[in-house]
Each structure stands twice: as structure tokens, then as C-alpha cells.
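Reading the structure
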Amino acid sequence: MAHDVAHDVAMDAEVDPEMVAAVRAFGRFYTRQIGLLEEGLHRSAFSLTEARVLYELAHRDRLTASVGLTASVLGQDLGLDAGYLSRLLKRFEDQGLVTRRTAAGDGRRQVLALTPEGRAAFAPLDASAREEVGALLARLSPRDRASLVGAMARVRRLLGDPSQGGEPATLRGLRSGDVGWIAHRQGVLYAAEYGFDLSFEALVAEILAGFVRDFDPARAGAWIAGQEGDVMGSVFLAPHSDTVAKLRLLYVEPAARGQGLGRRLTEACIAGARERGYRCLSLWTNDVLTAARRIYAEAGFRLAESAPHRSFGRDLVGETWVLDL
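All of these numbers come straight from a predicted model, not from anything done at the bench.

Here we take up the overall build of the protein. Across its full length, the protein holds 10 helices and 10 strands. Taking all 325 residues of the protein together, the buried fraction comes to 41%. Surface accessibility of the protein: about 18,100 Å² in total, with carbon and sulfur atoms responsible for 55%.

Here is the structure:
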């Protein structure tokens, strides 16, 4: 029996110190790239914090016109100490850059706004920032620019920025490059999360090579989850007999977990099996993949048999699940 594996959602409580160091190194590198370590931001008289406050006031006037932006909200969003922000705003008021007014209908709320002088002071700062970032991007090819912007959006989304919901993953067919990438990613992920050795990656590569070699669209199918140009997961439908098909190699990238993508891929495979006239869909997995097993159970699969085995450098319990179509 060919070994198939469905990817589980695993959260590692311990963070590799090298990863911590890598994030810190990136932060230092990025701040150097955009000039945030200079005394005056973008060759202006404003510090980084002052420029952040001016930026928020300039760009939120349109977004908060109906309710207004208060100092408390601004401080929370920028992570600034209330006393420090109060002194900074007072300085801006003295310079004629910012005004405070009582919110309509609520005398307790003080709403902030840039004055015309404040907008005039911010304009060259904003233009300089655009120019410097534009020069940074000009060094890259159009493709690399798009890749950089997409990676930045993913970083923001992963770190909890609510404004970066991102485009939902879409399911597509198999393309050139997918097979090698999926074998690579499953090898990397299962080694990191389950301690599987190289024999697992070799098995995945063998399964995928056979799938491509024997592919018949009337009997087989592949669904690749794509998001912002990246492969975020996949599943394969392969024939076992005239009436029985196999769900194979389901997996979801860590960055895409929690979106229900594993269920979408499983449902697509089930629908594909029905469309091709199969009467039964089976799969083989291991009991350690608890999240994947939960997806199968919710989709209507039933556990048909289980047996211990030694594979991929681990003692495991293999399971066969079946779904009557």
C-alpha cells in the first residue's frame, strides 16, 4: 500500500534562538535601508516619532472624519506613552501644526487635526519618504518588487495586522514547478514538525512523479491552493481501481492555517472523485496528524483500519480512512 500523508496543524511552543536572531537582524537591516536611524527622518527636522504622528494625523483625517481622532486612540495605535504623546502634541500645537477641538455631541472627547500649516510641514516629509522608497524599489526588477510587497503584506498579516486580511487562497490545477516545490515543502515541514527523515521526502517525490507520469484527467486530479503567487497547500486524487480513488498528500502551509484551507482542499478532492464516477474515496495517514484526522471525520470519512509501523525514522500508527460516495 502506498503511504499517503495529510498535514496536521502543529504549533511549536519553543522558538529556535536562531529564528529570534534572524528576526532581530532583519529589523536592523530594514531600518538601515529606509533611513530610520538618522537623527532627522528623510532629511527633515522631525524625529521618527514626530513623523509617525504627523503621518497618522494626515492620513486619518479622511478615515475618521465622522468621529475624529483622539489622542488616546492615536497613542494606542502607535504604542506611545500617554505623557510623552501629550507633550509632543502640545509642542505641535504651540508650533501651529495641530489643533484640538471638542467632539460634536461629546464634550469629553478632544479631537485632533492638522492645521494648514501642519499639512504644509508634512507635505515635503511625505514626498521625501515616497522618493526614498521609490529609489529603493527602483533597484529591483518588476517581479522582485511585487515579491517584496507581497512578502511585506504576509509579514504584517502573520504578526496580526487586521488591515492585512489578504486575498483568500484560490484553488487551481497543477503547474510546472509545483511538483518539486510540494515535495520540498512537505519534506521540510514534516521534518520540522514530526521528525520525519529523508525517506519521507523521497516517498512524496515518488508519489508525485508517478502521479504526473500516469496522469489521466478523467481519473485523476490535483488542487493547488495559491495565495499572492505562492503555493499554500495541495491535495491529489489518484485512481486505485475503477470504483475506488485515493486522496493523497494533503498539506497546508503554516502561514495559511486557520483559514479552513485544509477542509476546502478535502472537499474539492471529494467533489472531484464524485465527478469522475468513483464510488469510494480512501486515504492513508498517521494517527499523529490529529487536525487532518478531524477534517476527514467532519467530511464523512470513517476509520476502516489501523496498524503500527516503523517509517520515516519514527514508530507510527498508520490509518486507512474511507468515504462512500
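Along the polypeptide, Ala-121 turns up in helix α5 (residues 116-138). Not counting chain neighbours up to four residues away, the residues in contact with Ala-121 comprise Phe-46 and Leu-97.

This brings us to a nonpolar patch on the surface. On the surface, Phe-26, Phe-29, Tyr-30 and Met-152 cluster together into a nonpolar patch covering about 380 Å² of accessible area. In terms of residue count, helix α1 (residues 17-33) provides more of the nonpolar patch than any other element does, three residues in total. Residue placement: Phe-29 occurs in helix α1. Overall, the relative accessible area of 41% leaves Phe-29 in the partly exposed class.

Counting 48 residues, the largest nonpolar core has Phe-236, Leu-247, Leu-261, Leu-265, Leu-281, Tyr-296 and Phe-301 as its most contacted members. When residues no more than four places from it in sequence are discounted, the contact partners of Leu-265 are Leu-171, Trp-223, Ala-225, Gly-233, Ser-234, Val-235, Leu-250, Tyr-251 and Val-252. The next biggest cluster of nonpolar side chains, apart from the first, holds 20 residues, and it includes Val-53, Leu-78, Leu-80 and Phe-122.

Looking now at the environment of Gly-96. With respect to the helices and strands, Gly-96 occurs in the loop between α4 (82-94) and β2 (98-103). Judged by relative accessible area, Gly-96 falls into the partly exposed class, the value being 26%. What Gly-96 contacts, discounting residues up to four positions off in sequence, is Thr-115, Glu-117 and Gly-118.

At Leu-249, a residue that is not glycine, the phi angle is positive and equals roughly 55 degrees. Its place among the elements puts Leu-249 in strand β7 (residues 244-252).

Turning to the pairing of strand β8 (residues 280-286), a few remarks are in order. β8 sits mainly inside the fold: seven of its seven residues count as buried. Neither face of β8 is open: one carries Cys-280, Ser-282, Trp-284 and Asn-286, the other Leu-281, Leu-283 and Thr-285, and all of them are buried. Across three bridges, the pairing between β7 and β8 is parallel. Each bridged residue has a counterpart across the sheet, and for Val-244 the counterpart in β8 is Cys-280. Read as a crossover between parallel neighbours, the route from β7 over helix α9 (residues 261-275) to β8 is right-handed.

Here we come to α5. The end-to-end C-alpha distance of α5, which contains 23 residues, comes to 32 Å, matching closely the 33 Å that a straight helix rising 1.5 Å per residue would cover. Of all the bends in α5, the greatest, near 25 degrees, is centred on Phe-122, and the proline Pro-124 appears no more than four residues after it. Among all positions in α5, only Gly-118, Phe-122, Leu-125, Asp-126, Ser-128, Ala-129 and Leu-136 are buried.

Another aspect to go through is the pattern of salt bridges. Counted under the stated rule, the structure contains 12 salt bridges. One salt bridge in this structure joins Lys-90 and Asp-94, with 2.9 Å as the shortest N-O distance. Linking Lys-90 with Asp-94, this pair stays in helix α4, spanning four residues, or about one helical turn. Classification of Asp-94 as exposed rests on a relative accessible area of 58%. When the shortest N-O distance is used, the salt bridge between Arg-172 and Asp-178 registers 2.8 Å. Classification of Asp-178 as buried rests on a relative accessible area of 5%.

The next subject is helix α8 (residues 198-213). Between its first and last C-alpha, α8 extends 23 Å over 16 residues, near the 22 Å set by a 1.5 Å rise per residue. The complete set of buried residues in α8 reads Phe-200, Leu-203, Val-204, Ile-207, Leu-208, Gly-210 and Phe-211. In a view along the axis of α8, the buried residues occupy a sector of 160 degrees, so they form one face of it. Facing away from the buried side of α8 by more than 90 degrees, the exposed set consists of Leu-198, Glu-206 and Arg-213. Turning to α8, the residues buried within the fold contact α7 (178-194), β5 (221-227), β6 (230-239) and β7.

What follows concerns the packing of aromatic side chains. One pass over the structure, following the stated rule, counts 12 aromatic pairs. Measuring from centroid to centroid gives 5.6 Å for Tyr-190 and Tyr-194, while their planes differ by 35 degrees, and the two rings are tilted. Highlighted residues: Tyr-190 and Tyr-194, both in helix α7, separated by four residues, approximately one helical turn. Of the residues examined, Tyr-190 reaches a relative accessible area of 0% and is grouped as buried.

What follows concerns the environment of Thr-102. Along the chain, Thr-102 falls in strand β2. A sequence separation of 32 residues divides Thr-102 from Thr-70, and the C-alpha atoms of the two residues are 10.0 Å apart.

Here is what the cut-offs are and how they apply
- Residues numbered from 1 in each chain as written.
- Predicted model: local features only at pLDDT ≥ 70, side-chain atom pairs only at ≥ 80, totals over all residues.
- Heavy atoms only, no water.
- Helix = DSSP H or I, 4+ residues; strand = E, 2+ residues; numbered from the N terminus.
- Buried < 20%, exposed > 50% of the residue type's maximum accessible area, 1.4 Å probe, protein only.
- Areas by Shrake-Rupley, 256 points an atom, 1.4 Å probe, with all protein chains shown as cover.
- Contact = heavy atoms within 4.5 Å.
- Patch = residues over 30% accessible without salt bridge, like charges linked within 9 Å, V, L, I, M, F, W, Y side chains within 5 Å.
- Salt bridge = Lys/Arg side-chain N within 4 Å of Asp/Glu carboxyl O.
- Core = buried A, V, L, I, M, F, W, Y, C linked by side-chain atoms within 4.5 Å.
- Pairing = 2+ DSSP bridges.
- Right-handed = clockwise from strand over helix to strand, strands pointing away.
- Expected span 1.5 Å × (residues − 1).
- Bend = angle between axes of the 7 residues up to and from the residue.
- Arc of directions from axis to C-beta.
- Phe/Tyr/Trp six-rings, centres within 6.5 Å; stacked < 30°, edge-to-face > 60°.

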